[in-house]
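Spelled out from the first residue to the last, the chains are:
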Amino acid sequence: MLALSAEGRLPKVDYAIFADTGWEPKAVYAHLDRLEREIATPAGIPVLRVSAGNIREDALNPQKRFASMPLHILNLDGKPGMTRRQCTGEYKVKPIKKQIRSLLGYPYPARIPREVFVEQWIGISTDEFHRAKDADVRYMRNQHPLIDMGWSRGDCVRYLTSLNLANTPKSACLGCPFHGNAQWREIRANPEEWADVVAFDAAIRQGNARATANNSPLLGAAFLHRSRVPLGEAPIDHVTAAERAAQDSPVDTDAEELEHGVTDGCSPWTCRGDSEATQARFGLAA
Ligand code: SF4
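Residues numbered from 1 in each chain as written. Predicted model: local features only at pLDDT ≥ 70, side-chain atom pairs only at ≥ 80, totals over all residues.

1. Here we look at unusual backbone geometry
Next up, step 1: In this structure, the amide linkage connecting Tyr 108 to the following residue, Pro 109, adopts the cis form with an omega of 10°.
Next up, step 2: Phi is positive for Asn 164, close to 65°, though the residue is something other than glycine.
Next up, step 3: Within the element layout of this structure, Asn 164 appears in the loop between helix H6 (153-162) and helix H7 (181-188).
Next up, step 4: For Asn 164, a count of 9 C-beta atoms within 10 Å gives the class exposed.
Next up, step 5: In the Ramachandran plot, Arg 228 falls in the positive-phi region, its phi being about 60° despite a non-glycine side chain. (Helix = DSSP H or I, 4+ residues; strand = E, 2+ residues; numbered from the N terminus. Buried ≥ 20, exposed ≤ 12 C-beta atoms within 10 Å, placed from the backbone.)

Here it is as structure tokens:
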């Protein structure tokens, strides 16, 4: 959408906002720098990077308030579960709203007059139109230009390829438990990032540091990989593309999810990936 706006195929936006959890792959930060340098700046579109802290550091620091990640849990009775996801709201939605309030001139807790609002573009394509929804506050009005243009994911990929941006990486925290095996393998290809996520996975086995320090320890064990096996030993090679291709049509949903992660992964405005939390109160931000 940034490129379409810069090219004049969509109206020119006033700002582009990137919510940084502090734990994206290096490739994402490099890509963002490139978008800013080659597309946004020449078009006069400021890229605002907003943040509510570093999600990795906060999870491991008992002094820090930490918003729960959707960790895969093995409960004491051996049953699988998940902790509730708060991270998207805390590390993405909140800093974006804060920035928007500031741009409008009404920082929290000022009341924003009814007639003051921003138009916010969300890059959902026609394949995922079910994720489009209205904003939950009056000062933001959501628009979905790609859906209005009738663009599918394939159309977006073709357009990006024409701009020499075919290698656009997927934005998500390095250690996001919603990753599928394909994403874990991509991370493993970078030894430094793989060591980082394997170490984090081991460090959160008993839950986040703040909850443990507050005598609210996890009852069971937490894992980043959905197999609920330590990440370094998890079967991330188990479902290969060849195996998937050999499957009968239609595509097996579980296999697809294992390979590519939950369909509705982490996006500030289109979160649908939550599973039922079985330890709902554990580790939630207070
Ligand atoms: S990418 Fe994953 S871990 Fe990061 S904020 Fe989103 S859901 Fe949470």
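2. A few points about the site of the ligand
Next up, step 1: Contacts to the ligand come from 14 residues, most closely from Cys 87, Ala 172, Cys 173, Cys 176 and Cys 266.
Next up, step 2: Looking at the shell around the ligand, the element that brings in the most residues is helix H4 (residues 87-104), giving four residues. (Near = placed C-beta within 6 Å.)

3. With respect to the sheet that holds strand S4 (residues 80-82)
Next up, step 1: Spatially, the three strands line up as an open sheet ordered S4-S3-S7, and their pairing is antiparallel. Where the open sheet ends on each side, the last strands, each with one partner, are S4 and strand S7 (220-223). Pairwise comparison of adjacent strand axes, ignoring direction, gives a mean angle of 30° for this sheet.
Next up, step 2: For strand S3 (residues 72-75) and S4, the ladder comprises three bridges, and the chain directions are antiparallel. Within S4, the position partnered with His 72 by the bridge is Met 82. (Pairing = 2+ DSSP bridges. Axes fitted to C-alpha atoms, helices over the stretch in contact; angles between N-to-C directions.)

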